[in-house]
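# Coordinates in review
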Amino acid sequence: MESAAIIDPPMITPVSLPQQQVASGSEPADVAPERPPAFAVERLSIFYGEKKAIEDVTLTIPSKMITAIIGPSGCGKSTLLRSLNRMHELAPNTRIEGKVLFAGDDIYAPEVDPVVIRRRIGMVFQKSNPFPTMSIAENVLVGLKLNGVRDRAFLRERLEQSLRMAALWDEVKNDLHKPGISLSGGQQQRLCIARAIAVEPEVLLMDEPASALDPIATAKIEELIHELSANYTVVIVTHNMQQAGRCSDYTAFLYLGRLIEFASTTKIFTNPSERQTEDYITGRFG
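Every value quoted in this text rests on a predicted model; they were computed, and no experiment measured them.

Next up on the list: helix H8 (residues 215–228). Across its 14 residues, H8 extends 20 Å between first and last C-alpha, which sits within 8% of the 20 Å expected from 1.5 Å per residue. Summarising the contacts, the buried residues of H8 are in contact with strand E3 (66–70), helix H5 (152–165), helix H7 (185–198), strand E7 (203–207), strand E8 (233–237) and helix H9 (241–247). The N-cap residue of H8 is Asp 214: its side-chain oxygen and the backbone nitrogen of Ile 216 are 3.0 Å apart.

Structure below.
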């Protein structure tokens, strides 16, 4: 059950580290040296059967910051995102080459349980997916209960805390018994975020979390992403470049499964190193 494991801030001044090269022919990526890396992706390739969806991607994602993954449709954005908690393995005939290190450990090592990884690295999907037969409260707490938590006082505390962190408590505190699907689209997506953070993950992966929402709901989600980055590493896939510019500290540009450039969002949008990046940002293709 995906939800059991489950589940734009001001720009920073970039600092270049010469030892990190992100793509052939590109300049070194910008990395925040004061932040330890959350993920170190090393020469990662992902296959669905014979099709190669991701090809030889290497990048370092800093912790407690927001990293956006952008690129045209079908370029591998969601596959890369889902590889960070092994969610892509739920599709048939998948295999990988390379490594994904999380907090220094290879999440694809044979002894690693993917369920544990998905508990530590939560995910919010493009389409809000509250469980239709569950109340608002039950939706938030389902992951904790599936993990064996039974202490009622603790569950009540986590329920309120998670809904407050998802900026939803004041809107639903008197309606916790109502079905989760009775909420508006934007509220349902924030409910799914509350469900994700209730199990206290270390990372939140978000796959186009606002693409189906109206502008007002989108603004609330973006504001929430800013607030969550104080406590979580956030990696977001978005097709909306304006959203990436508003939301993220760092941006990775993918094209045809390859990482073209990874740098601070400021640099990507104002002074990209690669011509392909500039062409995509300025709308020449995509």
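Taken together, the eight bridges between strand E1 (residues 37–48) and strand E4 (residues 94–102) define a ladder with antiparallel strand orientation. Of the residues in E4, the one forming a bridge with Val 41 is Val 100. Where E4 and strand E5 (residues 105–106) come together, two bridges link them in antiparallel fashion. Bridge pairing in E5 places Leu 101 opposite Asp 106. Linking two consecutive strands that pair antiparallel, namely E4 and E5, is a turn of two residues; a positive phi of about 50° is found at Ala 103 within it.

So, about the packing of aromatic side chains. As enumerated under the stated definition, the model contains three aromatic pairs in all. For the ring pair Phe 253 and Tyr 280, a centre distance of 5.0 Å and an interplane angle of 20° mean the geometry is stacked. On the criterion of sequence distance, the pair formed by Phe 253 in strand E9 (residues 250–255) and Tyr 280 in helix H11 (residues 275–281) is long-range, its members being 27 residues apart. Each of the two residues, Phe 253 as well as Tyr 280, counts as buried. Against the face of Phe 47 rests Arg 95, its NZ or CZ located 3.8 Å from the ring centre.

What counts as what
Residues numbered from 1 in each chain as written. Predicted model: local features only at pLDDT ≥ 70, side-chain atom pairs only at ≥ 80, totals over all residues. Heavy atoms only, no water. Helix = DSSP H or I, 4+ residues; strand = E, 2+ residues; numbered from the N terminus. Expected span 1.5 Å × (residues − 1). Contact = heavy atoms within 4.5 Å. Polar contact = N/O pair within 3.5 Å; in protein donor to acceptor, adjacent residues only side chain to side chain. Pairing = 2+ DSSP bridges. Phe/Tyr/Trp six-rings, centres within 6.5 Å; stacked < 30°, edge-to-face > 60°. Buried < 20%, exposed > 50% of the residue type's maximum accessible area, 1.4 Å probe, protein only. Lys NZ or Arg CZ within 6 Å of the ring centre and 35° of its normal.

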